[in-house]
Amino acid sequence: MSLPSLRLKANADRRLRAGHLWIYSNEIDVAATPLHGFKAGDQAILEAAGGKPLGIVAMSPNNLICARLLSRDIKLPLDKSLLVHRLNVALSLRERLFDKPFYRLVYGDSDLLPGLVVDRFGDILVVQLASATMEAHKDDVIAALTQVLKPSGILFKNDSAARDAEGLERYTETVFGVVPEWVALEENGVKFEAPVIQGQKTGWFYDHRMNRARLAPYAKGKRVLDLYSYIGGWGVQAAAFGASEVFCVDASGFALDGVERNAALNGFADKMTCIEGDVFEALKELKASEERFDVIVADPPAFIKRKKDLKNGEGAYRRLNEQAMRLLNKDGILFSASCSMHLPEDDLQNILLTSARHLDRNIQLLERGGQGPDHPVHPAIPETRYIKSITCRLLPNS
């Protein structure tokens, strides 16, 4: 394959040599290699200012991040062969970590497959293609996945906003075999079914697996409130870990149907109460009803999707955590989580401290958690680390 060149400005290769994988449009020598000469989805050989090849990149010429490194070996472009190799490397990690085939198999840049996410539900694979390059090679993706994993079904869940920036249409399509509406998985010994076709993202959030496991010693015999419950990842596991009663709150009736489905699957339907509606309104109503809980999980969607949302987003996290704290018993446990990449963990910690002091309560930080190791962090790319989870204890100020 003969690929065009993409030339960097002088010294613009330093980040790449230090381990980063992204190239910004202002780093390109556009006099030598104009970006308008490429189209989204192209591959190119990245060159230092002096002409030395640095590797092969996937092009997104109309974006600020105009290219992402696919390989540092110019003999290895993205094709079925490279996909099979990278999938096998990714699979070897997950099989070492987990004794059952339920996990994130591919996590984009961190697995050296930018623009590709694959979640595994046994013999069903749910795939997200977020780049024009991966979209252009979707047949190779299907062929590589079938060769490495021999699935019974592959679903392309290509409905994310990331595709808009690449000029790609959104769609959901079964591209191999048969994919049912609900697929089985197991997490921390608890059985679930996830709505991979109609549900959020790939249908399930494997990233909090380790944090949900931490619920076990706190939930036994306790009254638990799960905010933004989706289909019960936290709440149903709290019931399985011995909670006496679990309330799940979500704005989606479809999601709460999933809570009931998964609770029944594990024989805990009698422990569950579902509340449909806006979480902030539900918190006010629970407070007015003088409800109290021993353990509360606050795991909202990303309140901060862009840097410019930071101030408003921090305010939303503050309101959520403070209202949750108002419902905690005197010796209560709060699991506070954030999936906002732009919110540093220290800022979430400060929000918790400020909220506790505003309510005149003492706070102890007990445990910290991040995303599971099937979502490996690339050390040069802080954007690959997005999950924060802080377990804290709220006590009277006496």
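Scroll up to find the structure this text is about.
Report follows, based on the coordinates. Note that this is a predicted model, so its numbers are computed, not measured.

**Description of the side chain of histidine 20**
Residue position: histidine 20 is located in the loop between α1 (14-17) and β2 (22-24). Judged by its relative accessible area of 10%, histidine 20 is buried. Engagement of the side chain of histidine 20 in a polar contact is seen with the backbone nitrogen of tryptophan 22, the distance being 3.1 Å. With near-sequence residues (within four places) excluded, histidine 20 lies in contact with Arg15, Arg72, Ala380 and Ile381.

**Description of the packing of helix α2 (residues 80-97) against helix α4 (residues 138-149)**
Here α2 crosses α4 at 45°, and the two axes come no closer than 9 Å. On the basis of the axis angle, α2 is oblique to α4. Handedness of the crossing formed by α2 with α4: right-handed. For the pair formed by α2 and α4, the contact residues are Lys80, Leu83, Val84, Leu87, Asn88 and Leu91 on the first element and Asp140, Val141, Ala143, Ala144, Leu145, Gln147, Val148 and Leu149 on the second. For the contact of α2 with α4, the per-class residue count stands at ten nonpolar, two polar and two charged.

**A look at the nonpolar core**
Counting 38 residues, the largest nonpolar core has Phe121, Leu185, Trp204, Leu215, Val246, Met272 and Phe335 as the members making the most contacts within it. Among the elements that line this core, the one with the most residues is helix α9 (residues 253-265), at four residues. Residues in contact with leucine 185, not counting those within four places in the same chain, are Phe102, Phe121, Val190, Lys191, Phe192, Ala194, Trp204 and Tyr206. By size, the runner-up hydrophobic cluster in this structure holds 31 residues, among which are Ile45, Ile56, Leu105 and Leu116.

Rules of the game
- Residues numbered from 1 in each chain as written.
- Predicted model: local features only at pLDDT ≥ 70, side-chain atom pairs only at ≥ 80, totals over all residues.
- Heavy atoms only, no water.
- Helix = DSSP H or I, 4+ residues; strand = E, 2+ residues; numbered from the N terminus.
- Buried < 20%, exposed > 50% of the residue type's maximum accessible area, 1.4 Å probe, protein only.
- Polar contact = N/O pair within 3.5 Å; in protein donor to acceptor, adjacent residues only side chain to side chain.
- Contact = heavy atoms within 4.5 Å.
- Axes fitted to C-alpha atoms, helices over the stretch in contact; angles between N-to-C directions.
- Parallel < 35°, antiparallel > 145°, perpendicular 65-115°, else oblique.
- Left-handed = near helix turned anticlockwise from the far one by under 90°.
- Nonpolar A, V, L, I, M, F, W, Y, C, P; charged D, E, K, R; others polar.
- Core = buried A, V, L, I, M, F, W, Y, C linked by side-chain atoms within 4.5 Å.

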